[in-house]
Amino acid sequence: MACCAVLALVLGVLRAIWFHLFPGRRPAEPGFAPPARRSTDGAVIAVPERAPAPPRGTTSGLLLGVVIGTVAYALVVAAIGTTPLVRTFDGPWLWRDAALVALASAALLGVFARNTPTPRPALLVAAGITWTELGLVDMHLLGLFDFRVAALPLDLLFHGSGLLVVALGARSLARTPDRPIPRPA
Amino acid sequence: MTTVAARPDQTVTVLLPTDIPLFPPATRRALLRTLLGYGALWLCGVAALALGASDRVTTFALGIALPGGGLFATGHPAWGAVAVLGMLLAVFVWWAAGPTVLPPLAWALTASLPLALLDGPDPSTVAGIAVLATVPALVALAVSVHAIRHASQRRRGAALNQRLAQVPFAVTGAPSYPDDFPVVEHSDQDLRRLRTALDLALQPLDAYEGFTHIDQFREGALRYQLNALSYGLSMSQFTRTPAFRGYLAEAQRNTIDKMLQRRVWGYWPLENAWGNLRRDKEPIPVGQNVMLTGFFGLQVGMYTALNDDRYTRPGSLTFRWDESTVFPHDLPGLAANVRASVSGSPFSLYPCEPNWIYTICNTFGLNTVLAAEQQTPTGAAEVVRSQLRTAYESEFLRPDGRIVGVRSAHLGLSWNFWASPSVQLATTYWLNPGMPDLAQRTWWLIRDGWLRVEDGRVSTPRSVVSRLDPGNYKLGTDTFTLAVTTMAAREIGDEETALAAEATLTEREQVEERYGAERVSNASGLANSYLNLGRFGRRSGLRDLVAFGPPEQWRDGPVLEDAAYPDVLVARAVSDGAALDLVLVPGNGPVRTTLTLGQLRPGASYDVRGTQHGTVVADYAGRAQVEIDLGARTQVRVMPAG
């Protein structure tokens, strides 16, 4: 019921923006259920087969995850870099920025090339891996920045948050059935 | 089409209350509690500044006095603004899904932020004083604005009362049989719309094809779709086919059984944990979750009034979390829960999401009590009605007649946009069974300034809220608003507006058709179900069904107990207590099929017109079967022989 119309409105605006940015992600509007059948004594006589599941689009999900992970990582690092929390060093920042742009662009092209639904678990796994890998490369391979205070806990939190997202995605992935659940007769 | 019964109405005058205080009693107590609580935090900031506490303590205390206060006072306005935004986001999420812990956590976090970010925070005294003055100034401003608006609303209320004094509202009383129980025949389009609902509801219990799957917390949740689907099916039975059970009753039972599944009600343990800090999974708690208890109770109550009393038996509505965790309930228990919740709430109305009281949700609570009262009269409905009425006319009403849609039970706060006409529109419909005079007045106010009917078409204001489909959160269409308009107008007896709303939709909306079923394509499942509820309604249809119930003749007379679906579509089925009249339409081409009749007198002979049989004899269980060749619309009459 429209008991909470303003909240629904806010959700509507957020969803409209999201689907404007990613038009392919809009789920198909559900419509009819399969036609039901009952015999003269009320028994179920024939249940139509469930429509085949749409293609899972795991690759598409992984690629979108890379895009989201890269963009989120770049934004967060740029933001915390302006705080006293983080100390930055001279280094190949230009090459690193170019690499991030190239990585996100290539993955985005891959997403647009595939017109399949993106399963959320795959997206989470890819985003988490991307986050963690980029953080490790920036901080410990290229040595571009580190944490000025509470270095060890923040380091663990920074990299561990990506691994946490990977774990969440992997857990959902393990639960997602590959085939439609058979319907009872 | 809807027949307007010619029952004698009670003519009443319903004025707006003139004594609504600036802050009604329960609201005032909650607000004072809030102010006292905040005052303690504010004093921490004052004490730190006045007593010359260390810079770190002062910075933290200023952050406690105002979100981001420590950052503002130490010269970081941008970060302070981020902290305020973060706090607002936390409040929004609290509102959306009820996590009570979030705002205090966000507040504490923003207060701690400068201590973590800054090496040596150095709050300035002047900025600290400004920080401390901010909230008292905002409170004073808010109270002033509220007082000015309240005075303006009182003036408008007085002007409205002068006009309302001249308006006779016709409130329907207890319906009498048969005049006040018109049973009309489904049109072909009615049957196509009904088939969409039947196909949705007759799926296996674990199947949810055709339902919207977005979230289980807000309007798009499965539970609201199931409620609305069932309401529409029940209303079609009440006004078209009260003497048909079969697949129509099974469809309603399926929606009830689905409501008991964890995937539908599993949102509550989460909300209860993060909103009430309780680990109890009980989905029907006292004083909480009226959005489940009330909506579901009404759904069960409508089924029970029309079909059988199976859900009044103990444990007949058992919510199952897992093999070992179950929560047995029944219809009288749901009603008792509402009564206890209303009695125990300082506002009388009680929350949907933890803390958030919505006026419309509580109408469902009252309707649950009214529906259950039909089965087991206890007199408690009058107590609940009286308590809620007092609250609806004081705590949740503005002096200009606008219903306040939401209030925080903890803080006493509300939001002005919650008095939007969209809230009034839906409340009109659901308020009519229990408080028909208030529903009439609300509808009059809606028609007075918001809803326009011209040339047989309805136009709603081009506000964003009225152009939202809450069933799928899609913007840009007022289909849902027109659906609720149809429901409310028809229920109130404003058939002109109801027909205009339907005509507006027919003219504008695309419909899609499949396997003989039809739905409005650019609308959510929720909107389609409410379109059905409006389509199948009639004047005081909900009120008669929920507050008074069907006549004995319908409950005890012969019924069509079973028929094949979709081979036999039942366009009309009504009994007068002795005979049964049916209008049947083939739904899948010409067919020879069998009908099962029930509630006949055991061993009695019945004449049957319109089928292959001239006479049938009821078995010991009061049942008989007749064969019928159904090639087109066919009328069947079953009556005692001789």
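These numbers were taken from a predicted model, which means no experiment stands behind them. Residue numbers restart at each chain and count upward from 1, following the sequence in its written direction. Note on labels: chains are lettered from A, ligands numbered from 1, in written order. This being a predicted model, a pLDDT of at least 70 is required before a residue's local features are given, and a value of 80 or more before pairs of side-chain atoms are given or counted; all residues contribute to the totals for chains, interfaces and linings. Computation of side-chain values covers all heavy atoms of the structure but excludes hydrogens and water.

A look at the overall build of chain A
Per the convention used, a helix needs a DSSP run of H or I reaching at least four residues, while a strand needs a run of E reaching at least two, with both numbered from the N terminus. Within chain A one finds five helices and two strands. Each helix and strand of chain A, ordered N terminal to C terminal, gives the series α-α-β-α-α-β-α. Accessibility here uses a 1.4 Å probe with only protein chains present; expressed as a share of the type maximum, an area under 20% marks a residue as buried, one over 50% as exposed, and anything in between as partly exposed. Relative to its full complement of 185 residues, chain A shows a buried share of 37%. Working rule for contacts: check all heavy atoms of both residues, and any pair within 4.5 Å makes them a contact. The contacts of chain A with a sequence gap of at least 6 include a subset with a gap of at least 24, amounting to 80%. Areas reported as accessible are Shrake-Rupley estimates using a 1.4 Å probe. Residue values count occlusion only from the protein chains shown. Only carbon and sulfur atoms are counted for the fraction: they give 70% of the accessible area of chain A, which is about 10,300 Å².

Observations regarding unusual backbone geometry
Of all residues except glycine, most have a negative phi; of all peptide bonds, most are trans. All names here are of chain B. Cis geometry marks the peptide bond from Tyr177 to Pro178, where omega comes out at 0 degrees. You can see Pro178 is positioned in the loop between strand 2 (169–172) and helix 7 (188–201). Looking along the chain, the bond that leaves Tyr565 and enters Pro566 is cis, with omega of 5 degrees. Here Pro566 lies in the loop between strand 13 (559–562) and strand 14 (568–575). With a phi angle near 70 degrees, Ser348 is a residue other than glycine that sits in the positive phi range. Mapped onto the secondary structure, Ser348 falls in the loop between helix 13 (331–344) and strand 5 (356–358). Overall, Ser348 belongs to the buried group, its relative accessible area being 14%.

Some points on helix 21 (residues 541–548) of chain B
Residue and element names in this part refer to chain B. Across the eight residues that make up helix 21, a large majority, six, are buried. Regarding helix 21, the residues found buried are Gly541, Leu542, Arg543, Asp544, Leu545 and Val546. After helix 21 finishes, the residue Gly549 shows a positive phi value of roughly 85 degrees.

Structural notes on helix 7 of chain B
All names here are of chain B. Taking 1.5 Å per residue, 14 residues should reach 20 Å; helix 7 reaches 20 Å between its end C-alpha atoms and fits that length. Along helix 7, 11 of the 14 residues are buried, which leaves the element largely enclosed by surrounding structure. Those residues of helix 7 that fall on the buried side of the exposure criterion are Asp190, Leu191, Arg193, Leu194, Arg195, Thr196, Ala197, Leu198, Asp199, Leu200 and Ala201. Any helix carries an expected span of 1.5 Å times its number of residues minus one.

Here's the deal with the packing of aromatic side chains
Residues and elements named next belong to chain B. Stacked, tilted and edge-to-face are the three classes applied to pairs of Phe, Tyr and Trp rings, where Trp contributes its six-membered ring and a pair requires centres within 6.5 Å; stacked means planes under 30 degrees apart, edge-to-face means over 60, and tilted covers the rest. All told, the structure shown has 29 aromatic pairs over all chains when counted by the stated rule. Measuring from centroid to centroid gives 5.9 Å for Trp265 and Phe327, while their planes differ by 90 degrees, and the two rings are edge-to-face. Here Trp265 is found in helix 10 (residues 262–265), whereas its partner Phe327 is found in strand 4 (residues 326–329), with 62 residues between them in sequence. Both residues of the pair, Trp265 and Phe327, count as buried. For the pair Phe480 and Tyr530, a centre-to-centre distance of 5.9 Å together with 90 degrees between the ring planes defines the contact as edge-to-face. A residue pair is termed long-range when its members are at least 10 positions apart, and Phe480 in helix 18 (residues 479–492) and Tyr530 in helix 20 (residues 525–536) qualify at 50 residues. Of the two residues examined, Phe480 and Tyr530, each falls in the buried class. In this structure an aromatic cluster arises from ring pairing among Tyr224, Tyr231, Phe295, Phe364, Tyr429, Trp430, Phe480 and Tyr530. Think of it as a cone above the ring: NZ of Lys or CZ of Arg counts as a charge over the ring if it is within 6 Å of the ring centre and within 35 degrees of the ring normal. Between the NZ or CZ atom of Arg262 and the centre of the ring of Trp321, over which it lies, the distance is 3.6 Å. Against the face of Phe396 rests Arg407, its NZ or CZ located 5.7 Å from the ring centre.

Description of the interface of chain B and chain A
The interface is formed by 64 residues belonging to chain B together with 38 residues belonging to chain A. Salt bridge criterion: a side-chain nitrogen from Lys or Arg within 4 Å of a carboxyl oxygen from Asp or Glu. Across the chain B-chain A interface, the total number found is two salt bridges. A salt bridge links Glu250(B) to Arg38(A); the nearest nitrogen and oxygen atoms lie 2.9 Å apart. The definition of a polar contact used here is a pair of N or O atoms within 3.5 Å, where within protein one atom must be able to donate a hydrogen and the other to accept one, and adjacent residues in sequence count solely through side-chain atom pairs. Inspection of the region where chain B meets chain A yields four residue pairs in polar contact (both at pLDDT 80 or more).

Description of the domain arrangement of chain B
Each assigned domain of chain B is listed with its residue range as follows: domain 1 (25–155) and domain 2 (557–640). Marked domain ranges trace back to an automatic or database domain assignment. Its C-alpha centre places domain 1 of chain B at a distance of 71 Å from the equivalent point of domain 2 of chain B.

So, the sheet that holds strand 16 (residues 591–598) of chain B
Residue and element names in this part refer to chain B. Two strands are said to pair when DSSP picks up at least two bridges between them. Sheet architecture is open: three strands sit in the order 13-16-19, paired in antiparallel fashion. Looking at strand neighbours, the two that pair on one side only are strand 13 and strand 19 (624–630), the edges of this open sheet. For this sheet, the mean angle separating the axes of adjacent strands, direction not counted, is 45 degrees. In this analysis, axes come from line fits to C-alpha atoms, helices being fitted only over the stretch in contact, and the angle between any two N-to-C directions falls in the range 0 to 180 degrees.

Notes on the sheet that holds strand 20 (residues 634–640) of chain B
Residue and element names in this part refer to chain B. Taken in spatial order, the five strands of this open sheet run 14-15-20-17-18, and their pairing is antiparallel. Lying at the two open borders of the sheet, with one neighbouring strand each, are strand 14 and strand 18 (615–617). Adjacent strand axes in the sheet meet at a mean angle of 25 degrees, parallel and antiparallel pairs treated alike. Bridge analysis of strand 17 (residues 605–609) against strand 18 gives three bridges, and the strand direction is antiparallel. Bridge pairing in strand 18 places Tyr606 opposite Val616.

Considering the side chain of Arg195(B)
Residue and element names in this part refer to chain B. With respect to the helices and strands, Arg195 occurs in helix 7. In this tally, Asp and Glu contribute negative charge and Lys and Arg positive charge; neither His nor the terminal groups of the chain are included. Here Arg195 sits buried without a salt bridge, and the closest side chain of opposite charge, Asp199, lies 5.3 Å off (N-O distance). With residues near it in sequence (within four places) discarded, Arg195 still touches Tyr515, Gly516, Ala517, Tyr565, Pro566, Leu569 and Gly587.

Here we look at the pattern of salt bridges
Within this structure, the stated rule accounts for 32 salt bridges over all chains. Notably, a salt bridge pairs Asp308(B) with Arg310(B), separated by 3.0 Å at the nearest N-O pair. Since its relative accessible area comes to 23%, Asp308(B) is described here as partly exposed. A network of salt bridges, in which partner residues are shared, links Arg96(A), Asp97(A) and Asp138(A).

With respect to the packing of helix 17 (residues 436–449) of chain B against helix 18 of chain B
Residue and element names in this part refer to chain B. In contact at an axis separation of 11 Å, helix 17 and helix 18 are set at 125 degrees when each is read in the N-to-C sense. In terms of axis orientation, helix 17 runs oblique to helix 18. In terms of crossing hand, the pair formed by helix 17 and helix 18 is left-handed. Facing helix 17, whose interface residues are Ala439, Gln440 and Trp443, helix 18 presents Thr485, Ala488, Ala489 and Ile492. Of the residues that constitute the contact of helix 17 with helix 18, the class distribution is five nonpolar, two polar and no charged. In these notes the angle categories are as follows: under 35 degrees is roughly parallel, over 145 is roughly antiparallel, 65 to 115 is roughly perpendicular, and the rest is oblique. Two helices crossing with the near one rotated counterclockwise from the far one by less than a right angle form a left-handed crossing, whereas a clockwise rotation gives a right-handed crossing. For this classification, the nonpolar set comprises Ala, Val, Leu, Ile, Met, Phe, Trp, Tyr, Cys and Pro, the charged set comprises Asp, Glu, Lys and Arg, and every other residue, Gly included, is treated as polar.

What about a nonpolar patch on the surface?
All names here are of chain B. On the surface, a nonpolar cluster with roughly 300 Å² of combined accessible area is contributed by Leu32, Leu35, Val139 and Val143. Looking at the nonpolar patch, the elements with two or more residues in it are helix 1 (25–50) and helix 6 (125–164). Its place among the elements puts Val139 in helix 6. Patch membership requires more than 30% relative accessible area and the absence of a salt bridge. Residues of like charge join within 9 Å; the nonpolar side chains Val, Leu, Ile, Met, Phe, Trp and Tyr join within 5 Å.

What to know about the nonpolar core
Each nonpolar core is a collection of buried residues, namely Ala, Val, Leu, Ile, Met, Phe, Trp, Tyr and Cys, held together in the definition by side-chain atoms within 4.5 Å. By size, the foremost hydrophobic cluster in this structure holds 162 residues, and its most contacted members are Trp430(B), Tyr530(B) and Leu584(B). When residues of this core are assigned to their parent elements, the largest contribution, 11 residues, is made by helix 12 (residues 290–306) of chain B. Grouped together as the second largest cluster of nonpolar side chains are 15 residues, Val77(A), Trp131(A), Phe158(A) and Leu118(B) included.

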